[in-house]
Structure formats: C-alpha cells, structure tokens
Number of protein chains: 2
Amino acid sequence: MSKTKPIGVNFEELESQCLPHLSVDCVVFGFHDNQLKVLLLKSKFIDEWSLPGGFVGKTETVEEAATRVLKERTGLGEIFLNQFHIFSDPKRSNPGLKPENMKKAGVKLTNYEWLGQRFLSVGFYALVEFSKVDPQPDVFSQTCEWKGIDEVETLMMDHRQILDKALETMRLQLRYQPIGYNLLPEKYTMPELQKLYETILGRELDRRNFQRKILSYKILKRLPERRLGVAHKAPYLYRFDLEKYNQALLDGLSGDW
Amino acid sequence: MSKTKPIGVNFEELESQCLPHLSVDCVVFGFHDNQLKVLLLKSKFIDEWSLPGGFVGKTETVEEAATRVLKERTGLGEIFLNQFHIFSDPKRSNPGLKPENMKKAGVKLTNYEWLGQRFLSVGFYALVEFSKVDPQPDVFSQTCEWKGIDEVETLMMDHRQILDKALETMRLQLRYQPIGYNLLPEKYTMPELQKLYETILGRELDRRNFQRKILSYKILKRLPERRLGVAHKAPYLYRFDLEKYNQALLDGLSGDW
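Residues numbered from 1 in each chain as written. Chains lettered and ligands numbered in written order. Predicted model: local features only at pLDDT ≥ 70, side-chain atom pairs only at ≥ 80, totals over all residues. Heavy atoms only, no water.

In the annotation of an unreviewed UniProt entry, the entry for chain A reads NUDIX domain-containing protein, and the organism field reads Gaoshiqia sediminis.

So this is what it looks like as structure tokens:
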C-alpha cells in the first residue's frame, strides 16, 4: 500500500460541481472461464476492495453519473445499466475512509472535509463483455481488477451488501427477463448458457428442464454449425434472436397469466 | 383553492433537520369496489394533485422517511413498502411550485428558498387495506383522497411518471411474487382475486388458466364456507396461507429452472 503519495483530487472543485450526500456505486458483472466476475478497486489508503463509484454532478441524473463512472473505469461507452436500490443507512460510511483517518495515515489531502459527510448511494448493476473491458483505477485506488464472485469476501463500507443485493436482483430478474446478451460471446453452446444461469443462481440445474424452458421462450436461434474440438458429441451453437430477446426484455418472459 | 392562508412550515427548521436535494414520494395502492385506487393530495396553491411525499431527516434512512410520511398521511404504522426507483431528472421540479411563484400567488412563506432547490426523489410503493386508511392532508395540501387509477390524469411534477413506474414494477412483480395480502379482505372468492390481478395488469385473464396457475403456487387455502347471497352457484371462499405466502415472497413463485 502506498500511503505517502498525495492524491490528485480537488475537493473544492468536487464540492462546487457535485451534489452533497449522494453517490453512485456500480456492480459490473462479466462472465469468463465459466465464472461470474465482478470489477473491483483496491484502495490506496486502506487494505480493502471496493466497487467502482463516484459522485453526482449538480445537473446530472444518477444514470448519467453512473454511465460516466463506468466509462472511466471500463473504457466502455454503451453499457446496459440497471438502477436497483438506494443504500441510505446513516452508519454506512467507513471510519477507515474518513478524512481524519486518511490524514493520520499520512495521506496529503486539502479541503477534504467534503468526503467525510454522510453519503447515500444509488446502486447500479451492469452486464458487460469481459474481453472488451480495459480496467482503470480511480485516484483513490491502486488497481482495478476482475474478481471471481466466489473469491470476494469483505468489501469497503457496505459494498458487500450492495454486491449481494445486485446478485439477488439479477436472480429475480432471471425469472421474467432474458439474460446473457453482453455476458456471452456471440455464439455459444447450450451447456455454456446453462453454466451462466447456474453461476448467477448459485446452484446446479437439470439439463433437460433448462433446455426445455429456455427454448420455450423462443429467444434463441440454433445455428447450423456445431462446436468442434469437444471430446464426445459436438454440441450445437446458438445465438440470441435479438429482436425477440429485446421484446422479451420489455414484455417479460412468462406472461401467460 | 385557498391562496391566502399562510402555511405552517418552518423552512429554517426543515433545512436544519433534513438532507438537501433529497425527497421521498409514495404510491399508496388500495383495492375497493373491484377498483385499484391510489392515495393523492390536492395542492393548496396550484390546481394539481400529487403523491404523498416528504423530506429525509439527517439521520434517517429513506425507508424511515417514507414510513414516517405514510404514517402521517394514512394513520397506518406498519406498511409493506417497496423502494423501486430514484427519479433524478434535474428538470423534474415543477415551476408552479417554485417559492417565487407561490409568493406571487399570495402565499406567505418565510425562508422558503430551501423548497426551490433541485430534489431527487426516491419512489416507494405500498399496498394497504383500503378500509383501514384515514387520509390526512399535509400542510401543502387541502385534501387527501383515494382516486381510481383510471380517473388519474396529470399529476404535479413527475408524479404521473412515478405512479406509472410503480404500476409497471408491480406488474413485473406479479410474475414472480404473490400479491393480494393487504389489498384483499381476509376471505375472498376466486373471481375477486382474479379481478385484483386483472386490475393491476390492466387486462382480462382467462378464468381457468388463472385458477390453475394461482392454485399451483399452493399459497391459497380453500375454506369450507362459500360466499352466500350471490346469484347462481355460491363460490368458495379462500384465504392466503400466510406461511407459504411469506416464503414465496422470499423465494419467488416460479423457481423451477
């Protein structure tokens, strides 16, 4: 940990440009090597990891703020963002991050009182194509990296709770909306799609039930090609029928009341 | 409209006790006479209706703020509240409500600059038992009343958008969570339950499909009694099996992946 470098933040400028008390935090999911990954930052000041986040400009919507933060951390311009909850526990601030403690830790900051106020944070989650992300740390962090969901233990402040709530929301969403576009490559096999669902749900699924149900939604196109080089029987490749996929995002999947 | 009465709000006190820029707005649904109703307030100052709302105390969570607002407007202490979205368009404030315009309209307010700032509002929706609510206007309003969803046209600021988003969220929720407890009397018939679903979804449902699906969730108990005094065949009465209902709220209804 580098505790001596001054960080290049002008808090007077932040105060004049941003709303007080309000932040955004983003849970960015990617899928790689059959693992669900989340994008995290390692603090320069304390031995903790956090979610990418930022403040809200005085004339910005919270969506614009989150989009700006994600552009800075991932390099991606167009990201599907889902606002899912505002976290407002007055005790959510982390004493370790308080300006006075950062000062004690030798961090040179000027006019940083702003950072010590109470923040309520709007949580967003995003599903991105792993290979397209170029992770960039912010001024408070030494690195920005993908971590497997199963490797994540504690996080800074209430970020673990924000991550868990994002996962919970995504799991509920699996019940009525399609998922996978942006997380999978363009062409994939049925076992790969099933693995994505199993990873998000955190449990194994029955192969035949999964295939029957996912095909019943009519959002997939089976391609004439098969995946070659696989041990035994070569599996078919699928891709999403984007028109039907996008319609299902709007209408929901199981609208058969 | 009474435009001359001074309103009893101490804005200096509000400023010292509440967070700037942040409010809560509540969409309170009730079911009565086979109609979905929403609780609205009629402004004292402009010819518009609005949702019940309020500000967030400096040491309150947004949930506590919404609970306090709803206790004041409905008299109900324990309300199932669902935080569903934060509305942050910088242009969402209504010029008609701006302090300078209220002053022009003859309203006596002191230190009301606070009210003219930008507000981001956290939307909540609540499902309540119609008959238990005792609607009470706030200091900005002349009345607080139930309105049928179909009667509501425009609302103050972006409150129509907040109402629509609450309805949309509740419709999606119908796909994976049970609904009806708090909205229906303790005992009800299958046609009454179906009517509730139809009202929320805004369309008619097939009687047999509805019955088959709702019974498959095993959240209902059929009672030995039947509803008497109905024209032809007396329908059975049902009530929710609360233990299973509450479990389904947590687990979701169609978890058969």
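The rest of the description comes next.
> Tell me about the overall build of chain A, residues and numbers included.
Looking only at helices and strands, chain A has seven helices and 11 strands in total. A total of 257 residues make up chain A; the buried ones form 52% of that total. Taking the contacts inside chain A whose residues are at least 6 apart along the sequence as the reference set, 75% of them involve residues at least 24 apart. Of the roughly 12600 Å² that chain A leaves accessible, carbon and sulfur atoms contribute 48%. (Helix = DSSP H or I, 4+ residues; strand = E, 2+ residues; numbered from the N terminus. Buried < 20%, exposed > 50% of the residue type's maximum accessible area, 1.4 Å probe, protein only. Contact = heavy atoms within 4.5 Å. Areas by Shrake-Rupley, 256 points an atom, 1.4 Å probe, with all protein chains shown as cover.)

> Can you lay out the packing of aromatic side chains for me, pointing to particular residues and giving the numbers?
Residues and elements named next belong to chain B. Applying the stated criterion across every chain, the model contains 22 aromatic pairs over all chains. Note on Phe55 and Trp114: the rings are 4.7 Å apart at their centroids and 80° apart in plane angle, and the pair reads as edge-to-face. Placement of Phe55 in strand E4 (residues 53–57) and of Trp114 in the loop between helix H3 (99–104) and strand E6 (120–127) is noted, with a sequence separation of 59 residues between them. Comparing Phe55 with Trp114, the two get one shared label, buried. (Phe/Tyr/Trp six-rings, centres within 6.5 Å; stacked < 30°, edge-to-face > 60°.)

> Any details on the interface of chain B and chain A? Residues and values, ideally.
On the chain A side, the residues contacting the 38 residues of chain B number 38 residues. With both sides pooled, the region where chain B packs onto chain A buries about 3300 Å², and carbon together with sulfur makes up 61% of that total. The interface formed by chain B and chain A contains zero salt bridges. Only strand E1 (18–32), helix H2 (62–74), strand E5 (81–87), E6, helix H5 (190–201) and helix H6 (207–216) of chain B provide two or more residues apiece to the side of chain B that touches chain A. A per-element tally of the side of chain B that touches chain A places E1(B) first, with four residues. For the side of chain B that touches chain A, a count of residues per class yields 18 nonpolar, 10 polar and 10 charged. (Buried area = accessible area lost by both parts, 1.4 Å probe. Salt bridge = Lys/Arg side-chain N within 4 Å of Asp/Glu carboxyl O. Nonpolar A, V, L, I, M, F, W, Y, C, P; charged D, E, K, R; others polar.)

> Could you give me a rundown of the sheet that holds strand E11 (residues 236–240) of chain B, with the residues and numbers involved?
Residues and elements named next belong to chain B. The strand order across the open sheet formed by three strands is E9-E11-E10, and the pairing between neighbours is antiparallel. Strands at the two margins of the open sheet, each flanked by one partner only, are strand E9 (188–189) and strand E10 (220–226). Sheet analysis places E9 next to E11, joined by two bridges and oriented antiparallel. Residue pairing across strands places Thr189 opposite Leu237, the latter belonging to E11. (Pairing = 2+ DSSP bridges.)

> Give me the lowdown on the sheet that holds strand E11 (residues 236–240) of chain A, citing residues and values where you can.
Sheet architecture is open: three strands sit in the order E9-E11-E10 (chain A), paired in antiparallel fashion. Lying at the two open borders of the sheet, with one neighbouring strand each, are strand E9 (188–189) and strand E10 (220–226) of chain A.

> Go over the relation of the copies chain B and chain A, please, and point to the residues and values.
The second copy of the chain is related to the first by a rotation about an axis and a shift along the axis. Overlaying chain B on chain A yields an RMSD of 0.1 Å, the required transformation being a rotation through 180° with an accompanying axial translation of 0.0 Å. Look at the turn and shift together and you get a two-fold axis relating the two. (Least-squares fit on C-alpha atoms with pLDDT ≥ 70 in both.)

> Outline the pattern of salt bridges, supporting the account with residue identities and numerical values.
Residues and elements named next belong to chain A. Enumeration according to the criterion identifies 20 salt bridges over all chains in this entry. A salt bridge links Arg68 to Glu60; the shortest N-O distance between them is 2.7 Å. Assessed through its relative accessible area of 32%, Arg68 is described here as partly exposed. Judged by its relative accessible area of 14%, Glu60 falls in the buried class. Several salt bridges converge on common partners, so that one network encompasses Asp25, Arg92 and Asp158.

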